[in-house]
Amino acid sequence: MEESKDEIRAPLIYKDEKHEDFSNIPSSSSSQAIASKSQSEVKEVQEEKENSPVRQVALTVPTTDDPSLPVLTFRMWVLGTISCVLLSFLNQFFWYRTEPLTITAISAQVAVVPLGQLMAAKITDRVFFKGTHWEFTLNPGPFNVKEHVLITIFANSGAGSVYAIHVVTVVKVFYKRHITFFVSLIVIITTQVLGFGWAGIFRRYLVEPAAMWWPANLVQVSLFRALHEKEERAKGGVTRTQFFLIAFICSFAYYVFPGYLFQMLTSLSWICWIFPKSVLAQQLGSGLYGLGIGAIGLDWSTISSYLGSPLASPWFATANVAAGFIFIMYVLTPICYWLNVYNAKTFPIFSDALFTSTGQEYNITAIIDSNFHIDLAAYEKEGPLYLSTFFAMTYGVGFAALTATIVHVALFHGREIWEQSKASFQEKKMDIHTRLMRKYKQVPEWWFLCILLANIAVSIFACEYYNDQLQLPWWGVLLACGIAILFTLPIGIITAITNQTPGLNIITEYIIGYIYPGYPVANMCFKVYGYISMTQAVTFLQDFKLGHYMKIPPRTMFMAQIVGTLIACFVYLGTAWWLMETIPDICDTTASNSVWTCPSDTVFYDASVIWGLVAPRRIFGDLGTYEAVNWFFLAGAIAPVLVWLASKAFPRQEWIKLINMPVLIGATGNMPPATAVNYTTWIIVGFLSGFVVYRYRPYLWQRYNYVLSGSLDAGLAFMGVLIYLSLGLENISLDWWGNDLDGCPLASCPTAKGIEVEGCPVFT
């Protein structure tokens, strides 16, 4: 099968070449051709012309709608609220663990089907207050797909982590300073809801255009169809529902091995087994603490935990991630390490820890004064702060990805953005999904603006009135909002096309670190207001697109998102606060046999020290060791220009347009805490699905690809929860070599001469 070009072309507005032939036929021959067709065939051709120009969407998303289906039902409110509360609690509960388990909305999406059908069968269908304005019923009929979508939107609110919890955890646990529950709640709610404002502003660019197709949504659309549409089983085959159940049971049963019985399946670093006493071999082969050469993870949580499902990633995006990962991990990092750039051999090749010049971990508490500010005299005594080679490179790559995002969108999508801006005030060509959605009342933009202004006002009040706890001045909130609104559109475009989201966290830390150095809490707050409000906007837009595909009334979708987000904020914070108050030594990596080591919060804490406490000038500026890393800003800006010039010079070479520099450069943006084995295995599975099966078995890909992704997620989540509730709570574990994660104890050792680190050989 010839690969369709539709998947690799993603401007905001373009003509579908596949259908242009109809308009180019002379009018006489065209009328003769149409006259020869039956009325039904003409209608079919018309629907095909109106369908999405993106092949994956056309194959997956239904082109019909039933506006009569009830949406705001009693079942939806009950199951949606329960789903949101449970997922919020479980995700925050597992978040602090050494191997954090993320329970996706897919789990709730599957679990609520029998519950919804049970409620439809058993609850009374009596109509209350019949004949009045307040007429309602608890049971309007069979459980339908639109109710199911709204329940999933609630679940999505609980499935994504609440990023501002990091601020609370770092202040209370790592810095051991005071922050009240009320102030924490204000920060969490405002950062989560602020994104609604940006989402409302950019809906016309990121939801309505067919080219903004949001690949991750197709997993859920496929699962909705498998769970609700009746399908005839082909002879010798299985329906999508049957396939889902088979894959779900297999995933559920298999996860008992990597999740409990044989945890080494998380990262099979076989090179370390061959060379158990070689530091070099273990640096090369460790999937968790090294470069991960040859390492593979036979565990779906390893594959999908940081980059999302590889089955939902279009192949060109997977290829960009692979190219970026290979260059950074296997070219740039080894060269810098073995050339001993910035004394790299004094530290581990891959680590998120902070070090002294002698390779020992830095004592952060020694450089903080009583006012929660840097003590410069103590800092001079302790000496400059050093990073591992890879950690320093990831910050440089983050700088490059930022400028690459701006330049790439300006060059490749600037004209379309301008045309879309003009077209938003005029009638424009719509695909069938946008046309079907026009029958519903849209959400007025002033709703979004009111939420935006109210949140900014509350945020400024909190930062001024509780400045002793938050440290951020009022102008910091406004500057963070300015950064968020600047980057929401370009990052939204990249996410909508590639399923990869470049992060803003580094640039927000960098800016406030230079303007307002020495205040770690202010730095963290600025980051969550600048970064998370943008991330939340992208999440809300993705949910809007899911509602767009499934024909959910926009105002109903808006309400579900608001309510779900508020519920999630309360549950996430309540759970985190309870765990921090009740678990002794939580987040202490030195505590023996503790599973509560908080890997993501540790990275967040390190970042607050680098960018907030010590400040970028003493690390990446004229007073620091890593000043040359700033050249990555320029390199990131130049890279998309080279691709753009190449695409203009060789317009027939379609593969050049596949090179997406923001995704390629920012490939390792999740590392750390993500590790090499997360990437190598993700890339392999993405290649098999997005290239091999999509190209050579398109029928199987269309029917089963996204259903398989959902079933693997659901099986893993249910078994993960079951293992924890039945064995983890009682601290029942198996102690044998198969549960020795990675098996590469020397991978984190330094190789510089004379450096002594506990558990490592000393090189002479």
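Let us look at the structure shown here. (Residues numbered from 1 in each chain as written. Predicted model: local features only at pLDDT ≥ 70, side-chain atom pairs only at ≥ 80, totals over all residues. Heavy atoms only, no water.)

### A closer look at the packing of helix 6 (residues 105–122) against helix 7 (residues 145–159)
Put simply, the test is: To define axes, lines are fitted to C-alpha atoms, for helices over the stretch in contact only, and angles between the resulting N-to-C directions are given on a 0 to 180 degree scale. Helix and strand labels come from DSSP, where a helix needs a run of H or I of at least four residues and a strand needs a run of E of at least two; each type is numbered from the N terminus. Take the far helix as your reference; a near helix turned counterclockwise from it by less than a right angle gives a left-handed crossing, and one turned clockwise gives a right-handed crossing. It only takes one pair of heavy atoms within 4.5 Å for two residues to be counted as in contact. Gly falls in the polar group here, along with every residue not listed as nonpolar (Ala, Val, Leu, Ile, Met, Phe, Trp, Tyr, Cys, Pro) or charged (Asp, Glu, Lys, Arg).
Relative to each other, helix 6 and helix 7 sit at 145 degrees, their axes nearing to 8 Å. For the element pair helix 6 and helix 7, the recorded crossing hand is right-handed. Only His148, Ile151, Thr152, Ala155, Asn156 and Ala159 of helix 7 make contact with helix 6, whose side of the interface consists of Ala105, Ala108, Gln109, Val112 and Val113. Of the residues in the contact of helix 6 with helix 7, the class split is 7 nonpolar, 4 polar and no charged.

### Here's the deal with the packing of aromatic side chains
Filter applied, for reference: To pair, rings of Phe, Tyr and Trp, with the six-membered ring standing in for Trp, must have centres within 6.5 Å; the planes then decide the type, stacked if under 30 degrees apart, edge-to-face if over 60, and tilted in the middle. Exposed residues in this analysis have more than 50% of their type's maximum accessible area, buried residues have under 20%, and partly exposed residues fall in between, with area computed by a 1.4 Å probe over protein chains only. A ring has a charge above it when a Lys NZ or an Arg CZ is no more than 6 Å from the ring centre and no more than 35 degrees off the ring normal.
In the structure shown here, the tally under the stated rule is 55 aromatic pairs. Residues Phe196 and Phe540 carry aromatic rings whose centres are separated by 3.8 Å and whose planes lie at 15 degrees to one another, so their mutual orientation is stacked. One end of the pair, Phe196, is in helix 10 (residues 195–206); the other, Phe540, is in helix 25 (residues 520–550), and 344 residues separate them in sequence. Assigned by exposure class, Phe196 and Phe540 land together as buried. Taking the centre distance of 5.3 Å and the plane angle of 40 degrees together, the rings of Tyr510 and Tyr514 count as tilted. Of the two residues, Tyr510 and Tyr514 both sit in helix 24 (residues 505–515), 4 residues apart, roughly one turn of that helix. We classify Tyr510 as buried; its relative accessible area is 13%. Owing to a relative accessible area of 36%, Tyr514 belongs among the partly exposed residues under this scheme. A network of ring pairs unites the aromatic residues Tyr342, Phe391, Tyr395, Phe399, Tyr510, Tyr514, Trp611, Phe620, Tyr626 and Phe633 as a single cluster. Over the face of the ring belonging to Phe372 we find Arg177, whose NZ or CZ atom lies 4.9 Å from the ring centre.

### Considerations on unusual backbone geometry
In this model, Lys176 sits at a positive phi of 55 degrees, which is unusual for a non-glycine residue. With respect to the helices, strands and loops of the structure, Lys176 is situated in the loop between helix 8 (165–174) and helix 9 (181–193). At Lys551, a position not held by glycine, the phi torsion is positive, near 60 degrees. Relative accessible area serves as the criterion here: at 1%, Lys551 is assigned to the buried category.

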